[in-house]
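Listed below are the residues making up each chain.
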Amino acid sequence: MASTEAIAAQRLPALTPEVQAQLQQLVVDSRWNQLPADWAQFFQLGTLHAVRDARGAISASGAVLPMGAPTSPGPAVSWISMILVTPAQRGQGLGRAVFASCLAQVLAEERVPMLDATPQGEALYAQFGFEPQWRFTRWRRAQHGAATGATHQALPLADGIEPLLRLDAQALGFERAALLRGLAGREGAVCLRLGGASALLRPGRTATQIGPLHASKEAEGVALLDAIATALPGALVIDVPQGRAHMAARLQAAGFTPERAFARMVRSAGRTLAPAHTAIVQAVAGPEYA
């Protein structure tokens, strides 16, 4: 891999329409699911990093998203994601350079960096001292029929987002209310609750994202997943921790297929994080958000 010393990765001072369009083109080229609204949320709540080419166009991106207060005494966490490189310049060290810029920010702020890595990225992040905690799989279902907003009427809509926020903090060991409220406030997003399970649905570029989906009992998560898959005929994606046998069986029965694996990784450097009760996690919010 090329040396990153001569590659300048910088923080983006503004999210102009031109910058946002260039960032979104990286998503399209990578066949990811994010929308322009995701870049706006990263910029509002965190920091965007980028490498520009000789013409000044953005050719690589990264994002740092500080999470909220830990649920017990311990260090705060920041999420690193959206490490994307334009196809024509991959393999030249741009991704490594923009990631190093993101990591340097997190360490300078004395926070613990975390991220979700593909199998290819896992080897790279291990070189920076990251270690895997647990793993999950992205499942996708193609559109089953005509998708209309009216199908939301058949979903078990929640009376507010508070139950999801409480479960989310218990599950992860830190709160992220500002992030989840932002996601829930988007056009087309809905909060759901069925029994002891709570979830968030939001539109994506290629499919509706299911997640986070939290429940103390896997069976309750399966019931909510079943309600979603039955009510919505459109394309769906969901990221489910490995080892959820009942969730996996229901996904297969509903026409989902596994797409790719991820590893949740942390660079703790000996610091002890607040306890995370990951058994509550039936689906994550997505690799970009934790």
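Residues numbered from 1 in each chain as written. Predicted model: local features only at pLDDT ≥ 70, side-chain atom pairs only at ≥ 80, totals over all residues. Heavy atoms only, no water.

Participant: In this structure, what is going on with the overall build of the chain? I would like to understand it.
Facilitator: What the chain contains, in helices and strands, is eight helices and twelve strands. Radius of gyration (C-alpha) of the chain: 19 Å, near the 19 Å computed for a compact globule of 290 residues. Along the longest, intermediate and shortest principal axes, the C-alpha atoms of the chain span 55 × 45 × 30 Å. Out of the 290 residues belonging to the chain, those deemed buried represent 52%. Relative to all contacts within the chain whose residues are 6 or more apart in sequence, the contacts with residues 24 or more apart total 75%. Carbon together with sulfur atoms contributes 52% to the accessible area of the chain, which is approximately 12,400 Å² in total. If the 25 positive side-chain charges of the chain are averaged to one point and the 21 negative ones to another, these points end up 2 Å apart. (Helix = DSSP H or I, 4+ residues; strand = E, 2+ residues; numbered from the N terminus. Rg over C-alpha atoms; globule rule 2.2 N^0.38 Å. Buried < 20%, exposed > 50% of the residue type's maximum accessible area, 1.4 Å probe, protein only. Contact = heavy atoms within 4.5 Å. Areas by Shrake-Rupley, 256 points an atom, 1.4 Å probe, with all protein chains shown as cover. Lys, Arg positive; Asp, Glu negative; His and termini not counted. Charge placed at Lys NZ, Arg CZ, Asp CG, Glu CD.)

Participant: Even after reading the chapter, I still don't get the side chain of Arg176, so can you show me in this structure?
Facilitator: Counting through the fold element by element, Arg176 comes out in the loop between α5 (162-172) and α6 (177-184). Leave out the neighbours within four places in its chain, and Arg176 touches Met67, Asp168, Pro212, His214, Ala285, Tyr289 and Ala290.

Participant: I'm lost on the pattern of salt bridges in this one. Help?
Facilitator: A side chain of one charge can pair with a side chain of the opposite charge if their charged atoms are brought near each other. One pass over the full model with this rule turns up ten salt bridges. Here Arg140 and Glu259 are joined by a salt bridge, their closest N and O atoms 2.6 Å apart. Here Arg140 is found in strand β6 (residues 131-141), whereas its partner Glu259 is found in strand β11 (residues 257-266), with 119 residues between them in sequence. Salt-bridge contacts for Arg202 lead to Glu288; the nearest nitrogen and oxygen are separated by 3.0 Å. Of this pair, Arg202 sits in strand β8 (residues 197-202) while Glu288 sits in the segment after β12 (281-283), placing them 86 residues apart in sequence. Residue Arg202 shares its accessibility class with Glu288, and that shared class is buried. (Salt bridge = Lys/Arg side-chain N within 4 Å of Asp/Glu carboxyl O.)

Participant: When you look at the packing of α5 against α6 in this model, what are you seeing that I'm missing?
Facilitator: A pair of packed helices is characterised by two quantities: the angle between their axes and the separation of those axes. Where α5 contacts α6, the axes come no closer than 10 Å and their chain directions differ by 140 degrees. As far as their axial angle goes, α6 and α5 are oblique. The chirality of how α5 crosses α6 is right-handed. Mapping the contact onto sequence places Glu162, Leu165 and Asp168 in α5 and Ala177, Leu180 and Arg181 in α6. Each residue belonging to the contact of α5 with α6 can be placed in one class, and the counts come to three nonpolar, no polar and three charged. (Axes fitted to C-alpha atoms, helices over the stretch in contact; angles between N-to-C directions. Parallel < 35°, antiparallel > 145°, perpendicular 65-115°, else oblique. Left-handed = near helix turned anticlockwise from the far one by under 90°. Nonpolar A, V, L, I, M, F, W, Y, C, P; charged D, E, K, R; others polar.)

Participant: Looking at this structure, I do not really get the pairing of β6. What am I missing?
Facilitator: Here is the key point about a regular strand: its side chains alternate between the two faces of the sheet. Two elements, β6 and β11, share nine bridges in a ladder whose sense is antiparallel. Counted as the bridge partner of Glu131 is Val266 from β11. Across six bridges, the pairing between β6 and strand β10 (residues 236-241) is antiparallel. For Arg141, the partnering residue across the bridge sits in β10 and is Leu236. (Pairing = 2+ DSSP bridges.)

Participant: Explanation requested: helix α1 (residues 17-30) in the structure shown.
Facilitator: The terminal C-alpha atoms of α1, which comprises 14 residues, lie 20 Å apart, in line with the 20 Å expected from a rise of 1.5 Å per residue. Along its buried surface, α1 packs onto α2 (36-45), β2 (47-52), β3 (58-66) and β4 (77-85). At the exit of α1 stands Arg31, carrying a positive phi of roughly 60 degrees. (Expected span 1.5 Å × (residues − 1).)

Participant: Please clarify how unusual backbone geometry should be interpreted in this entry.
Facilitator: Among all residues except glycine, the phi angle is most often negative; among peptide bonds, the trans geometry is most common. At the junction of Gly211 and Pro212, the peptide bond is cis and its omega measures out at 5 degrees in the coordinates. As for its placement among the helices and strands, Pro212 is situated in strand β9 (residues 208-214). In this structure, Met82 is a non-glycine residue whose phi angle is positive, near 60 degrees. As for its placement among the helices and strands, Met82 is situated in strand β4. The class for Met82 is buried, based on a relative accessible area of 2%. Here the phi dihedral of Glu110 falls at roughly 60 degrees; this positive angle occurs in a residue that is not glycine. With respect to the element layout, Glu110 can be found in the loop between α3 (94-108) and β5 (112-117). The exposure class of Glu110 is exposed, given its relative accessible area of 62%.

Participant: Can you walk me through the environment of Pro233 in this structure?
Facilitator: Along the chain, the position of Pro233 falls in the loop between α7 (218-231) and β10. A sequence separation of 90 residues divides Pro233 from Gln143, and the C-alpha atoms of the two residues are 5.8 Å apart.

Participant: Mind showing me how you'd approach the packing of α2 against α6 here?
Facilitator: Where α2 meets α6, the axes come as close as 11 Å, and the angle between the chain directions of the two elements is 150 degrees. With respect to α6, the element α2 is oriented roughly antiparallel. In this structure, α2 crosses over α6, and the sense of that crossing is right-handed. Note on element contacts: α6 touches α2 through Ala178, Leu179, Gly182 and Leu183, opposite Asp38, Gln41 and Leu45.

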